[in-house]
Amino acid sequence: MNFPQRLIDGYRSFCDGRLQNEQDRFRDLAEHGQSPEIMVIGCCDSRVSPEAVFDASPGELFVVRNVANLVPPYTPDGAQRAVSAALEFAVQVLKVKHIVVLGHGQCGGIRAYAEHGKPLSPGDFIGKWMDMIAPAAKSVGAREQYASLSDYLTALEHQSLVTTLDNLMTFPCVRILVERKKLQLHAAYFAVGTGILSVRDPETHVFAPIAGARHLRAFKQPRF
Ligand SMILES: [Zn+2]
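Quick caveat, the model's predicted, so the values are computed rather than measured.

Conventions used here
Residues numbered from 1 in each chain as written. Predicted model: local features only at pLDDT ≥ 70, side-chain atom pairs only at ≥ 80, totals over all residues. Heavy atoms only, no water. Donors = N, O, S within 2.8 Å, 3.2 Å for Na, K, Ca; no water. Helix = DSSP H or I, 4+ residues; strand = E, 2+ residues; numbered from the N terminus. Buried < 20%, exposed > 50% of the residue type's maximum accessible area, 1.4 Å probe, protein only. Phe/Tyr/Trp six-rings, centres within 6.5 Å; stacked < 30°, edge-to-face > 60°. Pairing = 2+ DSSP bridges. Axes fitted to C-alpha atoms, helices over the stretch in contact; angles between N-to-C directions. Salt bridge = Lys/Arg side-chain N within 4 Å of Asp/Glu carboxyl O.

> Before we go on, may I ask you to explain the coordination of the zinc ion in this structure?
When four donors bind a metal tetrahedrally, each ideal donor-metal-donor angle is 109.5 degrees, and when six bind octahedrally, the ideal angles are 90 or 180 degrees. Protein coordination of the zinc ion is provided by C43 (SG), H104 (NE2) and C107 (SG), with donor distances spanning 2.0 to 2.3 Å. Here the donor residues for the zinc ion map to a single chain with the spacing C-x60-H-x2-C. Placement of the pair is C43 in strand β1 (residues 38-43) and H104 in strand β3 (residues 98-104), with a sequence separation of 61 residues. In terms of burial, C43 and H104 fall into one category: buried.

> I tried to follow the packing of aromatic side chains on my own but got confused; where do I start?
Each aromatic ring pair is summarised here by two numbers: the centre-to-centre distance and the angle between the ring planes. Evaluated as defined, the whole model comprises five aromatic pairs. A ring pair is formed by Y74 and F171, whose centres lie 5.4 Å apart and whose planes are at 70°; its orientation type is edge-to-face. Placement of Y74 in the loop between β2 (61-66) and α4 (82-94) and of F171 in the loop between α8 (149-168) and α9 (172-179) is noted, with a sequence separation of 97 residues between them. Pairwise contacts between aromatic rings join Y11, F14 and F26 into one cluster.

> Which parts of the structure should I look at to understand the sheet that holds strand β4 (residues 184-190)?
Hydrogen bonding along the main chain pairs the strands of a sheet, whether they run parallel or antiparallel. With mixed pairing, the six strands of this open sheet are ordered in space as β2-β1-β3-β4-β5-β6. Taken across any chain shown, the strands that pair with only one partner, and hence form the sheet edges, are β2 and β6 (207-209). Neighbouring strand axes in the sheet, compared pairwise and without regard to direction, differ in orientation by 25° on average. Relative to β3, β1 is paired through five bridges, and the arrangement is parallel.

> Is there a simple way to think about the pattern of salt bridges in this case?
Should the charged atoms of two oppositely charged side chains come close, the side chains can pair. Taken as a whole and assessed by the stated rule, the structure comprises nine salt bridges. Here E22 ties to R18 by a salt bridge, and the two come within 3.0 Å at their closest N and O atoms. Its relative accessible area of 18% is what places E22 among the buried residues. Judged by relative accessible area, R18 falls into the partly exposed class, the value being 33%. Linking D24 and R27 is a salt bridge whose minimum nitrogen-to-oxygen distance equals 3.1 Å. Of this pair, D24 and R27 both sit in helix α2 (residues 23-32), three residues apart, which is roughly one turn of that helix. Taking relative accessible area as the criterion, R27 reaches 43% and is therefore assigned partly exposed. Beyond isolated ion pairs, a larger network of salt bridges with shared partners links R18, E22 and R25.

Next up, the structure:
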């Protein structure tokens, strides 16, 4: 069998651990369906698993992942749109109370945009997808204004989250619920190297670490 051994081993571990310990939860989820209160829009990046970062169990998070955790603006043109479909389901059917857009450091998609690399294939799917962050790039200004490329990329990663929040608000079903205070939108940022999670304050627009004291205790000896 060519099925990856890593996945076979992982599934065995799942059977011995989580399935054995949480079988009631799985049975209950099957019988009564899912009712997560939080939707997370994250990046495909293998280092930033929302379930791992938020220590979430099955049924708790409704997760959509794509390159650079983006949401295209509302475009009712009849085309198949994966993010819009997931958003519609989360908001209209599951009635989630929060949508968290989870960005991260060293995002390959953001870097690809900043470096204006050559298309990886004739379709240039990443290039076209990442064009969506042009408004964010305009907001952060020229690369030369930043002390380093790393600083510039971090600013772009943060600002791209703001653009995505703006795009979410172009969906009538989202905007109406936000205005009625039945739905909240959040931008969060995970630093891969340190594990620091920052959340954008809607008033000050500053990204500030949450649970900073807990993080310091857990990460006493930074090696980065
Ligand atoms: Zn990424």
